[in-house]
Amino acid sequence: MHATGIIPARFGSTRFPGKPLALLWGKPLIQHVWEKAVQAETLSQVLVATDDERILEAVHGFGGEAIMTSADHPSGSDRVAELARSLKSDIIVNIQGDEPLLEPSSVDAAIRAFEQMPGFSIVTLGTPFRDAREWENPNCVKVLTNAGGYALYFSRAQIPHGYNVRGGNEERVWRHLGLYAYRRDALFEFCKLAPSSLEKLERLEQLRALENGMPVYVVPVEQASIGVDTPEELEKLNQRTA
């Protein structure tokens, strides 16, 4: 099974313009993500899909491979799909460019799920909440699954109502990690769909799949990652030891 990892990286962002080039521990954020991704055993290659020459030059500068894509894509997966059309990979992995601590083993877990269950078309990751602050933070996306492990809903809100972070996970609610793995045809099918109403409301592209009846399987992983959504979160991470 041939799998390619693609990191979508756009310069413009309402909450954090220029985020891919913001420095974390002396290196651009996008470099941290790329260095983690290339350590995954199951990825045959890792590419950056960008809309900005500055990001392109930065990626080439640290030895990565970046490709220019359109500036008009409504989501990261749409940007990934543009690049994926020129590839022959069986599995395309959309690796979010703001998850600098994503473990390579988590990437491998998502890809290996396709080998274990040939019926999967879209796979993502979930990890247990570590504390109440994550649960209460709207930048930490929640995903609720059914008994079979498929996503019922993704939200920035605290779902389900009454969930106790310290009380175990019988309700099957996870903190969503920013990675989506698609079978090739499923990615293109997803990107043919118009952005959905819930996707726009929550600002979560994965809801487009659920609203259109495309099942998303959630692989639980223990390794926690830290997403960077705002300059304040980057500064807080910079204060930690690399």
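Our subject is the structure that appears above.
Let us look at the structure shown here. Source: prediction; values computed, not measured.

**Focus on the packing of helix α3 (residues 76-84) against helix α6 (residues 184-192)**
A pair of packed helices is characterised by two quantities: the angle between their axes and the separation of those axes. As a packed pair, α3 and α6 sit with axes 10 Å apart at the nearest point and diverge in direction by 125°. Classified by the angle between their axes, α3 and α6 sit oblique to one another. As α3 runs across α6, the sense of the crossing is left-handed. Each of Ser77, Asp78, Val80, Ala81 and Ala84 in α3 lies in contact with α6, whose residues at this interface are Arg184, Leu187, Phe188, Phe190 and Cys191. Split into classes, the residues belonging to the contact of α3 with α6 amount to 7 nonpolar, 1 polar and 2 charged.

**A closer look at the pattern of salt bridges**
Summed over the entire model, instances satisfying the criterion amount to 10 salt bridges. A salt bridge links lysine 19 to aspartate 98; its shortest N-O distance comes to 3.0 Å. You can see lysine 19 sitting in the loop between β1 (3-9) and β2 (23-24) and its partner aspartate 98 sitting in the loop between β6 (91-95) and α4 (104-116), a full 79 residues away along the chain. According to the relative accessible area criterion, lysine 19 is buried, its value standing at 13%. The exposure class assigned to aspartate 98 is buried, which follows from its relative accessible area of 16%. In this structure, lysine 27 and glutamate 35 form a salt bridge, with 2.7 Å as the shortest nitrogen-oxygen distance. Salt bridges here are not isolated pairs; linked through shared partners, they connect Asp78, Glu199 and Arg208.

**Re the environment of tyrosine 163**
Position of tyrosine 163 relative to the elements: it lies in the loop between β9 (151-155) and β10 (173-183). Residues tyrosine 163 and phenylalanine 16 lie 147 residues apart in sequence; the distance between their C-alpha atoms is 31 Å. With near-sequence residues (within four places) excluded, tyrosine 163 lies in contact with Trp135, Gly168, Asn169, Glu171 and Val173.

**Thoughts on the pairing of strand β7 (residues 122-127)**
In terms of burial, β7 is largely enclosed, as 6 of its 6 residues are buried. Burial along β7 is two-sided: the residues Ile122, Thr124 and Gly126 and Val123, Leu125 and Thr127 are all buried. With 6 bridges connecting them, β7 and β10 associate as antiparallel partners. Among the inter-strand pairings, threonine 127 is bridged to a residue of β10, identified as arginine 175.

**With respect to the layout of surface pockets**
Where empty space is left becomes clear once a probe the size of a water molecule has been rolled over the atoms. In this structure, the largest pocket spans a volume of roughly 1600 Å³. Around the largest pocket, the lining is made up of 48 residues, and of these Arg15, Lys19, Asp98, Asn139 and Asp229 lie nearest the centre. Among the elements of the structure, β1, α3, α5 (132-136), β10, α7 (197-202) and α9 (231-238) are those that each provide at least two residues to the lining of the largest pocket. At 5 residues, the largest contribution of residues to the lining of the largest pocket is made by β10. Tallied by class, the residues present in the lining of the largest pocket amount to 14 nonpolar, 14 polar and 20 charged.

**Things to note about empty space enclosed by the protein**
Under the defined criterion, the tally for this structure stands at 1 cavity of 30 Å³ or more. If you add up the space inside the largest cavity, you get close to 40 Å³. If you go around the largest cavity, the residues you meet are Ile122, Tyr180, Tyr182, Phe190, Glu205, Gln206, Ala209 and Val216. Those elements giving two or more residues to the lining of the largest cavity turn out to be β10 and α8 (206-211). Among the residues forming the lining of the largest cavity, the class breakdown is 6 nonpolar, 1 polar and 1 charged.

**Here's the deal with the nonpolar core**
Counting 34 residues, the largest nonpolar core has Leu43, Ile95 and Val123 as the members making the most contacts within it. Broken down by element, the residue count for this core peaks at 5 residues, all from α4.

**Some words on the packing of aromatic side chains**
All chains considered together, the criterion is met by 7 aromatic pairs. Where phenylalanine 120 meets tyrosine 150, the ring centres are 5.9 Å apart and the plane angle is 85°; that geometry is what we call edge-to-face. Linking phenylalanine 120 in the loop between α4 and β7 with tyrosine 150 in the loop between β8 (142-145) and β9, this pair joins segments that are 30 residues apart in sequence. On the basis of relative accessibility, which here comes to 28%, the residue tyrosine 150 falls in the partly exposed class. Taken together, the ring pairs in this structure connect Phe120, Tyr150 and Tyr217 into an aromatic cluster. Sitting over the ring of phenylalanine 11, arginine 54 keeps its end group 3.7 Å from the ring centre.

Criteria and thresholds
- Residues numbered from 1 in each chain as written.
- Predicted model: local features only at pLDDT ≥ 70, side-chain atom pairs only at ≥ 80, totals over all residues.
- Heavy atoms only, no water.
- Axes fitted to C-alpha atoms, helices over the stretch in contact; angles between N-to-C directions.
- Helix = DSSP H or I, 4+ residues; strand = E, 2+ residues; numbered from the N terminus.
- Parallel < 35°, antiparallel > 145°, perpendicular 65-115°, else oblique.
- Left-handed = near helix turned anticlockwise from the far one by under 90°.
- Contact = heavy atoms within 4.5 Å.
- Nonpolar A, V, L, I, M, F, W, Y, C, P; charged D, E, K, R; others polar.
- Salt bridge = Lys/Arg side-chain N within 4 Å of Asp/Glu carboxyl O.
- Buried < 20%, exposed > 50% of the residue type's maximum accessible area, 1.4 Å probe, protein only.
- Pairing = 2+ DSSP bridges.
- 1 Å grid on protein atoms, 1.4 Å probe; cavity = no way out; pocket = protein on both sides within 12 Å on 5 of 7 lines; lining within 4 Å.
- Points joined across faces, edges and corners; volume = space filled by probe spheres on them.
- Core = buried A, V, L, I, M, F, W, Y, C linked by side-chain atoms within 4.5 Å.
- Phe/Tyr/Trp six-rings, centres within 6.5 Å; stacked < 30°, edge-to-face > 60°.
- Lys NZ or Arg CZ within 6 Å of the ring centre and 35° of its normal.

Limitation: the analysis is restricted to geometry and does not speak to function.
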